[in-house]
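One-letter residues, chain by chain:
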Amino acid sequence: MDRIKDIPSAGRNKVRRGKRWVSRDYTLFAAACMGLAFLLVFAYVPMAGIIIAFKDDSLYFNIFDVIKYGGFVGFANFAEFFRDQKFWDVMANTLGLNLLMLLINFPAPIIFALLLNEILHSGYKKAVQTLSIFPHFISWVVFGGIVIALADMTTGIFNPVMYFFGIGSRDDPVNLLTAKYFWPLIITISMIKGVGWGSVIYLAAITNTSPELYEAAQLDGADRFKRALYITLPSIAPTVTVFLLLNISGLLSNNFEQFYVLQNPANTSRSEVLATYIYQTGMIERKYAYTTAMGFFESTIGIILMLSANAVSKKIANRGLFG
Amino acid sequence: MAKYITSRRPKKLRGMKAFDYVNYIFLALCVLIMIYPFVFVLAGSFSDGNDYMGGGVWLVPRVWTLANYQVIVSDNMLWIAYKNTIIRTAAGSLLSLSFTSLVAYAMSRRELKFRRFFQAANLFTMFFGGGLIPYFVLINFLGLFDTFWVYIIPALYSVYNMIILSGGYSALSEELHDSAVIDGAGELRIWISIYMPLSKAVHATVLLWLMVGNWNAYYSTMIYTRGGENVILLQYYLMGVINKASYTPSVGGEILEKVTSKTVSYAAIIVAILPVLFVYPFLSKYFTKGVTVGSLKG
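Residues numbered from 1 in each chain as written. Chains lettered and ligands numbered in written order. Predicted model: local features only at pLDDT ≥ 70, side-chain atom pairs only at ≥ 80, totals over all residues.

Looking only at helices and strands, one finds 15 helices and zero strands in chain B. For chain B, the C-alpha radius of gyration of 25 Å lies well beyond 19 Å, the compact-globule estimate for 298 residues. With the principal axes as the frame, chain B shows a C-alpha extent of 75 × 70 × 35 Å. Out of the 298 residues belonging to chain B, those deemed buried represent 42%. (Helix = DSSP H or I, 4+ residues; strand = E, 2+ residues; numbered from the N terminus. Rg over C-alpha atoms; globule rule 2.2 N^0.38 Å. Buried ≥ 20, exposed ≤ 12 C-beta atoms within 10 Å, placed from the backbone.)

Here's what the structure looks like:
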């Protein structure tokens, strides 16, 4: 994914066939067209559906009627959510949490990979890696269910552990699923579930680094810390850049299920993010135009963030998502 | 001289420093925190429900019982959800892999006409979309709402997997392709009989990702179906058990007296992750292989 745009391709075709199409060209073209046809239906048609965002949906309950008969209202739907205090609360949660996660959860796998790389026993290393990846493959429904179990105020283990460290009192157990603790909770469990898997790609990049570099550095008297800082880190920098850019472009996005399973009325003030709010307004309250407008806003900001982060990265590091 | 240079990964251990001890212990603690939650739930699932409510069951049950499992497996809906999930996981993953790898093969060929255009059209969809409502309208318009096909058809193709798979194909030597062409093989033939067998690792990785994704899917059931018997999946069923204790056991009251909705939901969680637990040790190397193959090119 280093250069996303440059879908890697094999060496140049030796036989230049010019502009004429031969039968194998038709085969390849047809296959690529099948992929495109799929995207046309399942990606580009919904994009055309953004038109709903500019329509008046107040008169129709059926969404097809909104598309067919609804009058154009310009940016009125956008203005509606811009004026809505609830929307800004949701935005504050989304941006606040995602920025915090960028600060904490983004570097964590890098550090984890660096530490894992320093392990001398390959068996131990493999065991740590295999076990740490496991939570990634468990669904958020299950993982959220387990978190709720661990946090349970009578049967869970979170409170007893806190007592053990002398925090809190038995008469007043902490309910982790309330608004006050939601952010630390979600950051911690995202870390537990994601850090192992996140480190896989960095560890692979580290393994690809030429051993001669390390040997040369050692001859020059660089200790382990210096080698990590001056050889390992620069060698994974391209991978880090790509993931940083992807993270920045996703500043308004969240994993819906992760939030949905842990949401309850006692924490929505801190746990409602754009992903869940869009579900709430679209599927539950059935405000189609309002929701489509919000989705469009999210997508647009996402692509603007991606392009500008990419431009900055190209300027500073001479390296971007697209080469 | 050379033998005094310590290689990066020494075969023999060369004496651990303080940092090593701290590092080993720290990583062990990390793994402990990652794995312990599953142990906690496992202990709860084998616990007598009433005893469990007293708290303090953290590692092993105080009062052992199989009642939680007896209750959950006696719910017919669990098996319906299990069956549907297995069908989705098997059929959905295989179909998606076949279709996506076919497109990936074409996209990996440099001589593909209009390749730049195809690449751009694919990539754009990774960063921009219509959003929930337009997609929901589309699903309804296509008549997929509340049908099993909603799990299969919209998931047939994934741009991300296409990139990973075509990365795998491009890693193969171009001479292979040339010699096959000279032997008179068509492109489909080359893809099926040469490229596919040689890219087993990448295929296995993407297939595993797809299978895990299908097994864990919850959102699609919630949004695009009514959750009836024809479409209910394991995760959706599980959500009901965890949140609303919505299960209908068909066992006697004697067993029911030994359980609570909490301990039953733990048993349901274990039943749901059992297949993942079972295949993970054997396949874990494949889970990571594709990342290395597809992502570190260029």
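So much for the structure itself; the text now carries on.
Quick look at the overall build of chain A now. A tally of helices and strands in chain A yields 15 helices and zero strands. For a compact globule of 323 residues, the expected C-alpha radius of gyration is about 20 Å, and chain A comes in at 25 Å, more than 25% above that figure. Along the three orthogonal principal directions, the C-alpha set of chain A runs to about 80 × 75 × 35 Å. The buried share of chain A, taken over its 323 residues, is 38%. A fraction of 67% describes how many contacts in chain A between residues 6 or more apart in sequence connect residues 24 or more apart. (Contact = placed C-beta atoms within 7 Å.)

Residues Val142 of chain A together with Val103, Tyr237, Leu238 and Ile269 of chain B are the most contacted members of the largest nonpolar core, which totals 135 residues. Among the elements that make up this core, the one with the highest residue count is helix H9 (residues 179–207) of chain A (12 residues). Each of domain 1 (16–74 + 247–295) and domain 2 (76–224) of chain B accounts for three or more of the residues forming this core. Contact partners of leucine 238 of chain B, with chain neighbours within four places excluded, come to Val141 and Val142 of chain A together with Ala268, Ile269 and Ala272 of chain B. Judged by nonpolar contacts, the second largest core, of seven residues, contains Val242, Leu245, Ile248 and Leu251 of chain A. (Core = buried A, V, L, I, M, F, W, Y, C linked by C-beta atoms within 7 Å. Domains from an automatic or database assignment.)

So, about unusual backbone geometry. Residues and elements named next belong to chain A. The backbone phi angle of arginine 286 is positive, close to 55°, even though this residue is not glycine. For arginine 286, the position within the fold is in the loop between helix H14 (274–284) and helix H15 (288–317). A count of 13 C-beta atoms within 10 Å places arginine 286 in the partly exposed class.

A separate point is helix H10 (residues 187–198) of chain B. The end-to-end C-alpha distance of H10 of chain B, which contains 12 residues, comes to 15 Å, matching closely the 16 Å that a straight helix rising 1.5 Å per residue would cover. Among all positions of H10 of chain B, only Glu187, Ile190, Trp191 and Tyr195 of chain B are buried. Along the axis of H10 of chain B, the buried positions cluster into a sector of 95°, meaning they face one direction only. In H10 of chain B, those exposed residues whose orientation departs by more than 90 degrees from the buried face are Ser193 and Pro197 of chain B. Looking at the buried side of H10 of chain B, the elements it contacts are helix H1 (23–48) of chain A together with helix H4 (76–108), helix H8 (159–170) and helix H9 (174–182) of chain B. (Expected span 1.5 Å × (residues − 1). Arc of directions from axis to C-beta.)

Next up on the list: the packing of helix H6 (residues 122–133) of chain A against helix H1 (residues 18–45) of chain B. Look at H6 of chain A against H1 of chain B: their axes get within 9 Å of each other, and the N-to-C directions meet at 30°. Relative to H1 of chain B, the element H6 of chain A lies roughly parallel. Where H6 of chain A crosses over H1 of chain B, the two elements pack in a sense that is left-handed. In this structure, H6 of chain A uses Val128, Leu131 and Ser132 of chain A to contact H1 of chain B, whose residues at the interface are Leu27, Cys30, Val31, Met34 and Ile35 of chain B. (Axes fitted to C-alpha atoms, helices over the stretch in contact; angles between N-to-C directions. Parallel < 35°, antiparallel > 145°, perpendicular 65-115°, else oblique. Left-handed = near helix turned anticlockwise from the far one by under 90°.)

Note: interface size is frequently given as the accessible area lost on complex formation between the parts. Each partner contributes residues to the interface: chain A has 89 residues there, and chain B has 95 residues. Among the elements that take part in the side of chain A that touches chain B, H1 of chain A stands out by supplying 17 residues, more than any other. When the residues that make up the side of chain A that touches chain B are grouped by side-chain class, the tally is 55 nonpolar, 23 polar and 11 charged. (Nonpolar A, V, L, I, M, F, W, Y, C, P; charged D, E, K, R; others polar.)

All names here are of chain A. Inspection of the secondary structure puts threonine 241 in helix H11 (residues 224–249). In this structure the C-alpha to C-alpha distance between threonine 241 and isoleucine 157, which are 84 residues apart in sequence, comes to 38 Å. Not counting the four nearest positions on each side in its chain, threonine 241 is found in contact with Ser313, Ala317 and Arg319.

Residues and elements named next belong to chain B. According to the domain assignment, chain B contains domain 1 (16–74 + 247–295) and domain 2 (76–224). Just the C-alpha atoms count here: the centres of domain 1 and domain 2 sit 32 Å apart. Taken together, the contacts link 13 residues of domain 1 with 14 residues of domain 2. If you list the elements that add at least two residues to the side of domain 1 that touches domain 2, you get helix H3 (67–73) and helix H15 (261–295). The dominant element in the side of domain 1 that touches domain 2, judged by the number of residues it contributes, is H15, at nine residues. Class assignment of the residues belonging to the side of domain 1 that touches domain 2 gives a composition of nine nonpolar, three polar and one charged.

Further remarks concern the environment of leucine 115 of chain A. Assignment of secondary structure puts leucine 115 of chain A in helix H5 (residues 107–117). The class of leucine 115 of chain A is partly exposed, set by 19 C-beta atoms lying within 10 Å. Between the C-alpha atom of leucine 115 of chain A and that of leucine 28 of chain A, which follows or precedes it by 87 residues, the distance is 45 Å. Sequence-distant contacts of leucine 115 of chain A, defined by excluding residues within four places in its chain, comprise Asn23, Phe26 and Leu27 of chain B.

A separate point is the confidence of the model for chain A. Keep in mind that low pLDDT regions are not for reading the predicted coordinates in detail. Chain-level statistics for chain A give a pLDDT mean of 89 and a share of 94% at 70 or above. Every residue in residues 1–14 of chain A scores below 50 in pLDDT, and together they form 44 contacts with partners more than four places removed in sequence or on other chains. (pLDDT = per-residue confidence, 0-100.)

Tracing the chain through its elements places valine 73 of chain B in helix H3. Spatially, the C-alpha atom of valine 73 of chain B lies 53 Å from that of arginine 110 of chain B, the residues being 37 residues apart in sequence.

Attention now goes to the packing of H4 of chain B against helix H11 (residues 200–215) of chain B. All names here are of chain B. It is the contact of H4 with H11, at a shortest axis distance of 9 Å, that shows an interaxial angle of 140°. Relative to H11, H4 is oriented oblique. Our pair here, H4 against H11, has a crossing hand that is right-handed. Contacts between H4 and H11 pair Thr85, Arg88, Thr89, Gly92, Ser93, Ser96, Leu97 and Ser101 from the former with His203, Val206, Leu207, Leu210, Met211, Asn214 and Trp215 from the latter.

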